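# Observations on the three-dimensional arrangement
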Amino acid sequence: MISCYQFKNQISLYIDDEMNFQKRTEFEGHLETCPNCKKLLGAITATKARMHNFNTLSVSAGFYTNLQNRILADRNARIRAARQKGFSFHKIPSFAYGFAAAFLAVVVVFMFMKTPPNAQPGALQLPVAQQQIQKAPPAIPEAPVPPVVQAPQTRYAATTQSPAKEDSSVTGDALNSPQHKENLQDLQQRIKTVKDQN
Amino acid sequence: MEKPKSKYTFTDEEVIQRFQAGDEEAFSEIVRRYSNRLLNFAFRFVLDREEAEDVVQDTFLKVYQNRHAYREIAKFSTWIYTITANLAKTILRKRRNRKLFYFSRLGPEEKDIDFPSGDARPGQQTEDQYDEHMIHLAMKKLPEHFRTAIILRDIQELSYEEISNIIGAPLGTVKSRINRARLKLQEELIQIK
């Protein structure tokens, strides 16, 4: 014996004659004992019959002509499209532009990330060799000054040991310049050092 | 000698094969056979006559353009009904989206549905139209997949197998869906009354 719940779940199979003999017998047995399910079956069957007898529509008078015109228009459009040759931006699918934009963005980000972090913005980054050249040259130790050697006496030497006459070409400004005096003092100090060593 | 078949005795599958071979008259035969059937199917779906005719015209246009896409794996009626169902669903979807933007404007479903009047006695005609009107109102409230199933089964009278192929659902699902659709339709009819 089936329940009302089972009856409702299978009512369409009964209406559409999709049940085997045993099931059908159980169904009809329940119908005899349940007025609600019997009423439901009657309502569904009546609705189905009304839907079957719905007034049928027919296509309008201009339907076939319109259809023919549309088919012809479509055929002409296809012929025109087939005749177009050569490159056209319209032939490029829209997703290709998206891919191109994404690729460009990746390249830009990659280039940006490759920049060293310490570099100042806008500063020109020189190669390492050039940076070394621009640094101050290392201090070169001063070469030792050779001892002063007196010039040998020659027949052209002066007979009297007179101080060398000042070269009249040497101007008084050059002799009195601080640089000249500094150089002279430095030379005298070195001579003294060499003598002490000897 | 075998008598040549009249073109009117060819099966749908034979007619489409002739069309695929290049016989344009075969296409006219397809249009003649299916135009009213598809119109009634589309009309029960979209509930607007003009849109239903557009759907049917689009269907035939697609059949014309894609004739070679049909393979004799399934029945031709399954193929053409599937195209119509998909086009009708597209119209409903567009209508739903239009409603979001133009909610102050009535769409076709808010208008009174203009039902065709058949050749019947005046009294019976009124009763039939009243019942038909009520059933259509109740069907409008059904979910789309229930409405599709009940239209294909109770109005178009297609078999369960064909409906299963058209909507792309297993046979058990189709049977269950039709059963639930009929029960739900009765509930809606009781509420309308």
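The structure this text deals with has already been given above.
Residues numbered from 1 in each chain as written. Chains lettered and ligands numbered in written order. Predicted model: local features only at pLDDT ≥ 70, side-chain atom pairs only at ≥ 80, totals over all residues.

## A short note on the overall build of chain A
How we decide: Numbering of helices and strands runs from the N terminus; a helix is a DSSP stretch of H or I covering at least four residues, while a strand is a stretch of E covering at least two. Put plainly, a residue is buried at 20 or more neighbouring C-beta atoms within 10 Å of its own, exposed at 12 or fewer, and partly exposed in between, counting only other residues' C-beta atoms, which are placed from the backbone.
Secondary structure assignment for chain A yields eight helices and zero strands. Each helix and strand of chain A, ordered N terminal to C terminal, gives the series α-α-α-α-α-α-α-α. Counting across all 198 residues of chain A, residues that qualify as buried make up 5%.

## Here we look at helix 8 (residues 171-192) of chain B
Note the threshold: In this scheme, a helix's expected span is set at 1.5 Å multiplied by one less than its residue total.
Spanning 22 residues, helix 8 of chain B covers 31 Å between terminal C-alpha atoms, matching the ideal 32 Å at 1.5 Å per step. The set of residues buried in helix 8 of chain B consists of Val174, Lys175, Arg177, Ile178, Asn179, Ala181, Arg182 and Leu185 of chain B.

## Focus on the packing of helix 3 (residues 35-52) of chain A against helix 8 of chain B
Note the cut-off: Fitted lines through C-alpha atoms serve as axes, helices being fitted only where they are in contact, and the angles separating the N-to-C directions of these axes extend from 0 to 180 degrees. Geometric relationships in this document are graded by angle, where less than 35 degrees denotes roughly parallel, more than 145 denotes roughly antiparallel, 65 to 115 denotes roughly perpendicular, and other angles denote oblique. It is the C-beta atoms, placed from the backbone, that decide contacts: two residues are in contact if theirs lie within 7 Å. Nonpolar residues are Ala, Val, Leu, Ile, Met, Phe, Trp, Tyr, Cys and Pro. Charged residues are Asp, Glu, Lys and Arg, and all others, Gly as well, are polar.
Across the interface, helix 3 of chain A lies against helix 8 of chain B with an axial gap of 10 Å and an inter-helix angle of 95 degrees. Classed by the angle they form, the pair helix 3 of chain A and helix 8 of chain B counts as roughly perpendicular. In this structure, helix 3 of chain A contributes Leu40, Ala43, Ile44 and Thr47 of chain A to the contact, and helix 8 of chain B contributes Arg182, Leu185, Gln186 and Leu189 of chain B. Counted by class, the contact of helix 3 of chain A with helix 8 of chain B contains five nonpolar, two polar and one charged residues.

## With respect to helix 1 (residues 4-15) of chain A
For helix 1 of chain A, which comprises twelve residues, the first-to-last C-alpha distance of 16 Å matches the rise-based estimate of 16 Å (1.5 Å per residue) to within 8%. Just past helix 1 of chain A, the residue Asp17 of chain A takes up positive phi, approximately 60 degrees.

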